[in-house]
Every structure is written in C-alpha cells, then in structure tokens.
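Observations on the three-dimensional arrangement
Here's the letter readout for the chains.
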Amino acid sequence: MRNSTRFFAAASLAAMSLFAGVAMAEGDTLVIGTDATYPPFESLDSAGKFQGFDIDIANALCDQMKVKCSFINQDFDGIIPALQAKKFDAIVSSMSITPERLKSVDFTSKIYNTPPAIAVPKDSTVTEATDAGLKGKTIGAQSSTTHANYATAHLKDVELKLYPTADEYKLDIANGRIDAVIDDVVVLSEWVASDAGKCCKMLGTLPTDKVINGEGAGIAVRQGDPLKDKLNTAIAAIRADGTYKKIQDKYFNFDVYGD
C-alpha cells in the first residue's frame, strides 16, 4: 500500500522483462516487481529468498496460469515507473487500488483489504488514534504510500515525518525519535508482536478513506495489458479452489480478503 516518483530508461530495462508486451504462453516467465521490505506481505529471508503472503499468492497465480514466477526487488518509490519502463510485468507489493494510481496503471481485483492503524511506544500517554488524540505528536510513515497520504489528509494536527522504508520509521520510534507510526494494521500488528517491535504497542485502527486507501491491495499492470484479465481469472480460481485460504491461514488468523 504505497506509490512512486522515480523514472527509468525504458530501452535498457525492457530486456529485463521476458514477458513484457508479449502474449502469455504456458511455460513463459512472469516477472514481478516487489519492494521486499514489508513483512508479512513481502520480505527477504536470511538467504535472500523472497517470502511473504503476497509472494505466495503470486506463485499460486503463476501455477494457475502455468507460467513461471520471477521476482525483482524494487524500492517502492520507483516501482510504478519501473513497471511502465518494462523492468517487470506486474507489481505485487501491497499496492492499494486508488483513483490516483489508476491514472498510471491498471489493477486486478483486490487480493486483500485491511485498514490503516497507529502504533506508539509502550510508555506513550496517547490514548486515542484520532487527530485530537495525536495533536502535537510526530508520526512516521513510509513516503509515497497511502498511509502517508492519509496522515496528511486526516491527521492535520500532527507533524508527519516521511521515511524511504518502513524499517527506518521502526528504528526511529524504537529509539524515541518519533511519537507514533502509521501503516497497515497487519504490518504493525505483526511487528509489535515480534522481538523487533517490543518497543511498541498498537494504539488502534483508523477509519478507511475510500479515495485515499482505495478498494484494497491489487496487482498493478501496464494500462491496457491483457495480463490483467488473465490474473483476474487466476485470482478467482485460487479463491474458489481453497488455495487462497490455505495461504491466508499460513499468515493470518482472520479473513485478510476483507469486505
């Protein structure tokens, strides 16, 4: 659930995508861009292998379409320009489907939908996840994300500090440099339950803004790419045959697909 501003040279990157602009056939490789800094959705394990809910979903979709999945790690700020420059064929990176992004890319149907939330240090005196409750506090968010946009629109009495990655805002709140952070409720809940997030606690979820937060996280493809329809068919298939639920239950004890 994030965005992009950096641009790339299309000619040099097009060759990196084996599937870009070509009709998909059985056995082809679907090249997927992801920012692997966002557990439990996408991250790298100790061996540098891609892991997480989104990664497992992408692999299941590739199996359904009888193609191979290949992943490229791409910083989130530049991920849409990299897709447009044909560095990869699709983005599977917890990206919210929003009206603003739909001006640049097409999206599949959602693959999950969870609300934004606030986390604070365990010794924080803040008691409400509201603008009034957070008044005068400094809140961290990953730059170019729906969560940063949400804070700008709805938390007008806070000081917003932006970070290139979620790891960096987590480091700052753990060291007392900021008062709170905003991100997806699942991401923050998983973090505060881990050793890395023992500094902090959940304050609460925030009301969803449909314009800012969109309709959930989907898979982004280039505008007009028929890959969108193929992926939608595959999403429906893994939802119907139980594959989606099996992957969901590996990571969550609730329905992450949402309303």
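Rules used throughout
- Residues numbered from 1 in each chain as written.
- Predicted model: local features only at pLDDT ≥ 70, side-chain atom pairs only at ≥ 80, totals over all residues.
- Heavy atoms only, no water.
- Helix = DSSP H or I, 4+ residues; strand = E, 2+ residues; numbered from the N terminus.
- Buried < 20%, exposed > 50% of the residue type's maximum accessible area, 1.4 Å probe, protein only.
- Contact = heavy atoms within 4.5 Å.
- Areas by Shrake-Rupley, 256 points an atom, 1.4 Å probe, with all protein chains shown as cover.
- Pairing = 2+ DSSP bridges.
- Axes fitted to C-alpha atoms, helices over the stretch in contact; angles between N-to-C directions.
- Salt bridge = Lys/Arg side-chain N within 4 Å of Asp/Glu carboxyl O.
- Phe/Tyr/Trp six-rings, centres within 6.5 Å; stacked < 30°, edge-to-face > 60°.
- Lys NZ or Arg CZ within 6 Å of the ring centre and 35° of its normal.

Looking now at the overall build of the protein chain. The number of helices and strands found in the protein chain is nine helices and 13 strands. Within the protein chain, the proportion of its 259 residues that are buried is 54%. Expressed as a percentage of contacts within the protein chain between residues at least 6 apart in sequence, the contacts between residues at least 24 apart total 72%. Element-wise, carbon and sulfur atoms account for 51% of the exposed surface of the protein chain, whose accessible area totals about 11,400 Å².

Turning our eyes to something else, we now look at the sheet that holds strand β13 (residues 217–222). Across the sheet, which stays open at both edges, the five strands sit in the order β5-β1-β6-β13-β7 with mixed pairing between neighbours. Since the sheet does not close on itself, it has two edges, and those belong to β5 (68–73) and β7 (105–107), each with one partner. Across the sheet, the mean angle from the axis of one strand to that of its neighbour is 35°, orientation sign disregarded. Pairing of strand β1 (residues 29–34) with strand β6 (residues 90–96) involves two bridges; the strand directions are parallel. Counterpart to Gly33 in the pairing with β6 is Ile91. On top of the sheet, helix α8 (residues 227–240) reaches β1, β6, β7 and β13; it is set at about 150° to β13, its chief contact.

Now for the sheet that holds strand β2 (residues 37–38). Spatially, the three strands line up as an open sheet ordered β2-β3-β4, and their pairing is antiparallel. If you trace the sheet from one side to the other, it starts and ends with β2 and β4 (50–51), each paired once. As defined by bridge partners, β2 adjoins strand β3 (residues 42–44) across two bridges and the pair is classed as antiparallel. Bridge assignment links Tyr38 to a residue of β3, and that residue is Glu42.

Under the definition given, this model contains six salt bridges. Residues Arg177 and Asp172 are paired through a salt bridge, measuring 2.7 Å at the closest nitrogen-oxygen approach. Residue class for Asp172 comes out buried when judged on its relative accessible area of 10%. Through salt bridges with shared partners, a single network forms among Lys161, Asp172 and Arg177.

With six of its six residues buried, β1 lies for the most part within the structure. Taking every second residue as pointing to the same face, both faces of β1 are buried, with Thr29, Val31 and Gly33 on one and Leu30, Ile32 and Thr34 on the other. Sheet topology places β1 next to β5; six bridges connect them, and they run parallel. Each bridged residue has a counterpart across the sheet, and for Leu30 the counterpart in β5 is Cys69.

On inspection of all chains with the given rule, the structure shows twelve aromatic pairs. Summarising the aromatic geometry, the rings of Phe53 and Tyr251 are spaced 6.2 Å apart at their centres and angled 90° between planes, so their arrangement reads as edge-to-face. Placement of the pair is Phe53 in helix α2 (residues 53–65) and Tyr251 in helix α9 (residues 243–251), with a sequence separation of 198 residues. Given the relative accessible area of 0%, Phe53 is considered buried. Among the aromatic residues, ring-to-ring pairing joins Tyr38, Phe41, Phe53, Tyr112, Tyr244, Tyr251, Phe252, Phe254 and Tyr257 into one connected group. Here Lys110 stacks its cationic end above the ring of Tyr257, 4.3 Å away from the centre of that ring. Here the guanidinium or amino end of Arg239 rests over the ring plane of Tyr257, the centre of that ring lying 3.6 Å away.

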